[in-house]
Every structure is written in C-alpha cells, then in structure tokens.
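Commentary on secondary and tertiary structure
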There are 2 protein chains.
Amino acid sequence: MLQTLSEENYLKAIYHIGKLGNDKVSATAIAEDLGNSPASVVDMLKRLTEKKLIQYDKTKGARLTDQGHKIALLIVRKHRLWEVFLHDKLGYTWDEVHDIAEQLEHIRDYDLPDRLEKFLGFPEYDPHGDPIPKSNGKLPVTKSKPLSEIEVNRKLKITNVSDNSPDFLRYLDKQHVGLNDTITVKEIQGFDKSVLVELKGRKEVYLSAEAAKKIFVE
Amino acid sequence: MLQTLSEENYLKAIYHIGKLGNDKVSATAIAEDLGNSPASVVDMLKRLTEKKLIQYDKTKGARLTDQGHKIALLIVRKHRLWEVFLHDKLGYTWDEVHDIAEQLEHIRDYDLPDRLEKFLGFPEYDPHGDPIPKSNGKLPVTKSKPLSEIEVNRKLKITNVSDNSPDFLRYLDKQHVGLNDTITVKEIQGFDKSVLVELKGRKEVYLSAEAAKKIFVE
DNA sequence: TTAATAAATTAGGTTAGCCTAATTATTAAT
DNA sequence: ATTAATAATTAGGCTAACCTAATTTATTAA
Ligand SMILES: [Mn+2]
Ligand SMILES: [Mn+2]
Ligand SMILES: [Mn+2]
Ligand SMILES: [Mn+2]
C-alpha cells in the first residue's frame, strides 16, 4: 500500500497542524495549509480514511492512525535530514532549504533515510532548529516557548523558528537574529505587543508581535 | 513552461533511444522503453510537440528540439550526479543506484546540479561508466565499443555498461567483471557468439553474447 | 503488385487530484 | 431560541496520464 505524493503531503499537514496544539485538525485548516480548496480536502480525507491512514469525524476533525502517524513522521524525518544535507554539505542558506526538501522528502528507498543520517553524522536538529525524528520514531522533546510569551529581562537562547518561509528567514537574517543566538527581552510594547530584544552584547532591535510568535527560545 | 515528471521521462527516453544509433525514434520504441502503451505515447508526443519540445513525424519518428534536448540533457546530468552521490557518499552499490536516481533526477532547483557536482569533486563518469554532461551541455565523447565486436587476444579496459538493471549488474559482480578491469578476449564461440574472456591475470569466464553487447571496452 | 505484417492512430474509458458554486450542518452571537 | 456566521459537504466539471480494442497507414515479403 504505497502512498501517492499528494497523500504524503496531506498526512504531513495533518501531523503538523496537530502539533500546533490545535484541539482539532479541521478540513479548513488542512485546506489552508496546503493551499487547496475545502472540497478537495474532503475528497482526500475520504481516500485516507478508506486506506486507514486517518480517522475523520466532521466535528472532531482528522486524526492519524498509527500507520498514518508512522508515515507522516518518516516524511518529516526525510524532510529534515535533506535540509541538513542541503545546508551542511551543499552550502544552501536556511531560507533556501525548505522548498527543495519539500521535493526530496518524497524520495522512496528503504535504506536512504538511515544512510543519509549516518552520512550527516546523526544530526539532532535541522537548520531551523527543528528536531529530527529518529529511525525508531522517537522525537527529542523540546520545551522551548515562543518569544512572545517571555517576560522582560530573561536571558534566553533561540532554539528554533516555526516559520520556514524565505521571507521570514531573510527578515531574521537582516535583523541579525540567528539560531542559537543569546537574546534578552528588554521591553514589550503595550500598544502592539512588539518586543525590543538585545542581541548578544550590544545591538537592540524591535521584533513585531507576529515575528515573536514564530521565534522559540529556551 | 515547466515540465511534468512524465514529460521529463519521455524526453529522456527519446534522448536515450536516439543515442543508441537508431535511425529513428519511433513511438513503439518509446512505448517499449517506458513500459507504456503506444496509444499513450501518441498522446504524449502530441503534448510535447504542442510545447515545442520535440518534432514528430509518423514516419521519421521523434526528434528533440534544442529546448527539448537541453532539458533531456539536464535530466541525464542530474541522474548521473545523483548516482555518484549515492555510490560515493552513501555507499550504495552500482546495482542499487539507478532506481533511486530515477526519482532524484526530477528534483527541481536551479542551483542544485552545480552544487552537487562541486560537492562530488566534478566527477566525469557515473558508477556505470557513463559520462556526466557538463553544466554547459558538453558531454565527453567516448569511443568505446561493445565487447561483442572485439577481436580475439586484444587487451582492453571495461569503460562502461549499457544496461543498469540490478539483475545484469549483479550478474557481472558474480562473474567478477567490474568497471575499469582489464580484460582479454580469448575465444569467441561460433555457435552462440559467447565470449571467453580472461580477467586480470588468471581467471577466465564465459560471457553470453547478450552480456557482451552490453559491456563496453576501450 | 499484392498480401501479410508491423506501426501508428483513433475512439472511448478510467482514476487521481484538483476546481467552483450551491447546499446543508454546525457553532457562535444576539 | 433565533439569527448570523462559519464549516463541511455535495454536485458537477476539468486535466494529465494512463488503458484496451478497433481501425488505419506504412513497411516488408512473396
Ligand atoms: Mn522545512
Ligand atoms: Mn526545517
Ligand atoms: Mn542510471
Ligand atoms: Mn548510470
């Protein structure tokens, strides 16, 4: 029972939306995530249910079965391993790797993820700080929180970002905000919730509330 | 004007069949190569003509336009670079790389082939001895001939094989016939055209006429 | 040159994966 | 509890890429 490329993308979307702590994975949320119409999503949810990769209930939303979860996690594993490859071995920047990994994650070969992982030296995190699922399905648990929820004057490290879009990542580059950087919240603006942060040493920059929600620290 | 995966495979098939020295690239030859029905091939040839990637004439067969040729050559370049990656970096054997490269050759990114080529140290040949097209479209010309056309007692080197199927390659492994091995034709059987060859030093093995046609030497 | 064989094409059909527009259900607000 | 808003579904349609079976066109052999 091999999955099509589209099916894999739906499973991954359901996995990701579920991870965001949403109480339910609704058809509209999936449609939004994939840029498809709700009608198309309903189509596909039927097919995935048929294949026993999800359970779907109009009001409770979609849930991955064990089998569906396993597949989704493998796609995520491949995606992140390929991102490391592109970044570490081919010198792509962190804003360039995601789109290519979207394609590479679908390459099908039983051995490839494990071989790639070994070749890369068993990396724990991808270029955006996201954890790479292990071969056995284990996923390092991170207890990082969004910068938007941090109180003033705490010194923290940027662990990961939850938006991999080139626009956002290049915005961070421009602000000299990078993974593993040490950061201190100096001020939170009342009127727009923007955050004034101090970057290692001297530089201070304002980050919008939207940006702060996507930057995770620990 | 991006190509679909299927269109890319058709262009590659037309390129390969053309390379075999066939006077024409017929619809049936393409159907044979891709494992599709002739009816499907006719469908696709219309679409490729529409897109100006080929010219097609019922009696003269299919010919790649400049644009079509450029695309086909890029696919071949990507295919062979990925084969080198899988072989040299991930430790796959030469009978394992082709199927995975069939998938990887379709990964789309402007920079990827060049970066991969650099990372691999600008290899000239893939694990089957086939030349890797350069970025500028140049392709090293090899003047190797099939072992089936070699006269007795000439000492030669195996440069490449024209069949990448796991079955054939594992057969060669079993016979201890490998790329770059030195080989001497000791005898050609009259009744079945099988070839008795001496492998570096002492070992002698019989290779069938079919096998000899697929082994190229120089 | 005609007949036989092989190649190409046409006709008609299927499936996956998308779409828009209309409708029905559910949830939230008044 | 109605009403309004939002979510989900249905109906109907489209395209790419395949198929089989029937037919037409070319090629080869007699
Ligand atoms: Mn990514
Ligand atoms: Mn990532
Ligand atoms: Mn190959
Ligand atoms: Mn090869």
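Before reading on, note that the structure itself is shown above.
Note that the coordinates shown come from a computational prediction; the quantities given were computed from them, not determined experimentally.

Let us look at the protein's contact with DNA strand C. In the vicinity of DNA strand C lie 23 residues, with Thr4, Ser37, Ser40 and Arg47 of chain A together with Thr28 of chain B positioned nearest. The protein-proximal atoms of DNA strand C, defined as those within 4 Å of the protein, are 76% sugar or phosphate. Serine 37 of chain A places a polar main-chain atom, nitrogen or oxygen, 2.8 Å from a phosphate oxygen of DNA strand C. Side-chain polar atom of lysine 24 of chain B to a phosphate oxygen of DNA strand C: 3.4 Å apart, as the coordinates give it. Those elements that provide at least two residues to the surface near DNA strand C are α1 (5–19) and α3 (38–50) of chain A together with α2 (27–34) and α3 (38–50) of chain B. Residue contributions to the surface near DNA strand C peak at five residues, all from α3 of chain A.

This part is about the packing of α1 of chain A against helix α4 (residues 66–89) of chain A. Residues and elements named next belong to chain A. Across the interface, α1 lies against α4 with an axial gap of 9 Å and an inter-helix angle of 95 degrees. Classified by the angle between their axes, α1 and α4 sit roughly perpendicular to one another. Residues Glu8, Leu11, Lys12, Tyr15 and His16 of α1 pack against Gly68, His69, Ile71, Ala72, Leu73, Ile75, Val76 and Arg80 of α4. The residue makeup of the contact of α1 with α4, split by class, is seven nonpolar, three polar and three charged.

Further remarks concern the coordination of the manganese ion (ligand 4). Residues and elements named next belong to chain B. Those protein atoms acting as donors to the manganese ion (ligand 4) are Glu83 (OE), Asp126 (OD) and His128 (ND1), and they sit at 2.2 to 2.3 Å. Each donor residue of the manganese ion (ligand 4) lies on one chain, and together they are spaced E-x42-D-x1-H. The distance between the manganese ion (ligand 4) and the manganese ion (ligand 3) comes to 3.3 Å, with glutamate 83 serving as a donor to both metals. You can see glutamate 83 sitting in helix α4 (residues 66–89) and its partner histidine 128 sitting in the loop between α6 (112–119) and β3 (145–146), a full 45 residues away along the chain.

The subject of this paragraph is the protein's contact with DNA strand D. Surrounding DNA strand D, one finds 23 residues, the nearest of these being Thr28 of chain A together with Thr4, Ser6, Ser40 and Arg47 of chain B. Within the contact set of DNA strand D, a phosphate oxygen lies 3.1 Å away from a side-chain nitrogen or oxygen of lysine 46 of chain A. Taking aspartate 43 of chain B, its side chain carries an N or O atom lying 3.1 Å from a base nitrogen of DNA strand D. Mapped onto the surface near DNA strand D, the elements with two or more residues apiece are α2 (27–34) and α3 of chain A together with α1 (5–19) and α3 of chain B. Class assignment of the residues belonging to the surface near DNA strand D gives a composition of eight nonpolar, nine polar and six charged.

This next bit is on the pattern of salt bridges. All names here are of chain A. All told, the structure shown has 30 salt bridges over all chains when counted by the stated rule. Ionic pairing is found between lysine 200 and aspartate 181, a salt bridge with its closest N-O pair at 3.3 Å. Here the residue lysine 200 occupies a position in the loop between β6 (195–199) and β7 (204–207), and aspartate 181 occupies one in the loop between α7 (166–174) and β5 (182–188), the gap between them amounting to 19 residues. Among the residues examined, aspartate 181 registers a relative accessible area of 12% and is labelled buried.

What follows is about the interface of chain A and chain B. Facing the 20 residues of chain A at the interface are 20 residues of chain B. Across the interface of chain A and chain B, roughly 1700 Å² is buried in total on both sides, 66% from carbon and sulfur atoms. Here chain A and chain B share zero salt bridges between them. Linking chain A with chain B are ten residue pairs in polar contact (both at pLDDT 80 or more), by the criterion used here. Those elements that place two or more of their residues in the side of chain A that touches chain B are α4, α5 (97–104) and α6 (112–119) of chain A. Taken together, the residues of the side of chain A that touches chain B break down into eleven nonpolar, three polar and six charged.

Residue and element names in this part refer to chain B. Pairing analysis gives three bridges linking strand β4 (residues 155–161) to strand β5 (residues 182–188), with the strands arranged antiparallel. Across the sheet, residue lysine 157 finds its bridge partner in β5, namely threonine 182. Counting the residues that bridge the hairpin from β5 to strand β6 (residues 195–199) gives six residues, and of these lysine 193 lies at a positive phi of roughly 60 degrees.

Attention now moves to the sheet that holds strand β3 (residues 145–146) of chain A. Residue and element names in this part refer to chain A. Pairing is antiparallel in the open sheet, where six strands are placed in the order β3-β8-β4-β5-β6-β7. Whereas interior strands pair on both sides, the edge strands pair on one side only; in this sheet they are β3 and β7. Here β3 runs beside strand β8 (residues 215–217); their pairing, made up of two bridges, is antiparallel. Directly across from proline 146, in β8, lies its bridge partner phenylalanine 216. Sheet contacts for α7: β4 (155–161), β7 and β8; angle to β4, the most-contacted strand, approximately 150 degrees.

Cut-offs and rules
Here the residue numbering is sequential within each chain, running from 1 through the sequence in written order. All chains are assigned letters beginning with A, and all ligands numbers beginning with 1, in the order in which they are written. Local features are withheld for residues below a pLDDT of 70 in this predicted model, meaning they are given only at 70 or higher, and side-chain atom pairs are given and counted only at 80 or more; totals for whole chains, interfaces and linings count all residues. By convention in this description, side-chain values take in all heavy atoms of the structure and omit both hydrogens and water. In these notes, residues near a molecule or strand are those with any non-hydrogen atom within 4 Å of it. Nitrogen and oxygen atoms within 3.5 Å of one another constitute a polar contact, given that in protein one can donate a hydrogen and the other can accept it, and given that sequence-neighbouring residues count only through two side-chain atoms. Helical segments are the DSSP runs of H or I of at least four residues, strand segments are the runs of E of at least two, and each set is numbered from the N terminus. Note on geometry: axes are lines fitted to C-alpha atoms, helical ones only across the stretch in contact, with angles between N-to-C directions running from 0 to 180 degrees. The cut-offs work like this: below 35 degrees is roughly parallel, past 145 is roughly antiparallel, 65 to 115 is roughly perpendicular, and the gaps in between are oblique. Here, residues are in contact when the closest pair of their heavy atoms is within 4.5 Å. Residues were grouped as follows: Ala, Val, Leu, Ile, Met, Phe, Trp, Tyr, Cys and Pro as nonpolar; Asp, Glu, Lys and Arg as charged; and all remaining residues, including Gly, as polar. Each metal's donors are the N, O and S atoms within 2.8 Å of it, or within 3.2 Å when it is Na, K or Ca, and because water is not part of the set, sites may look incomplete. Just to be clear on terms, a salt bridge is a Lys or Arg side-chain nitrogen sitting within 4 Å of an Asp or Glu carboxyl oxygen. For the exposure calls, accessible area comes from a 1.4 Å probe over protein chains only, and a residue counts as buried if that area is under 20% of its type's maximum, exposed if over 50%, partly exposed in between. As used here, buried area is the combined drop in accessible area, with a 1.4 Å probe, of two parts when they are placed together. We treat two strands as partners when DSSP finds at least two bridges between them.

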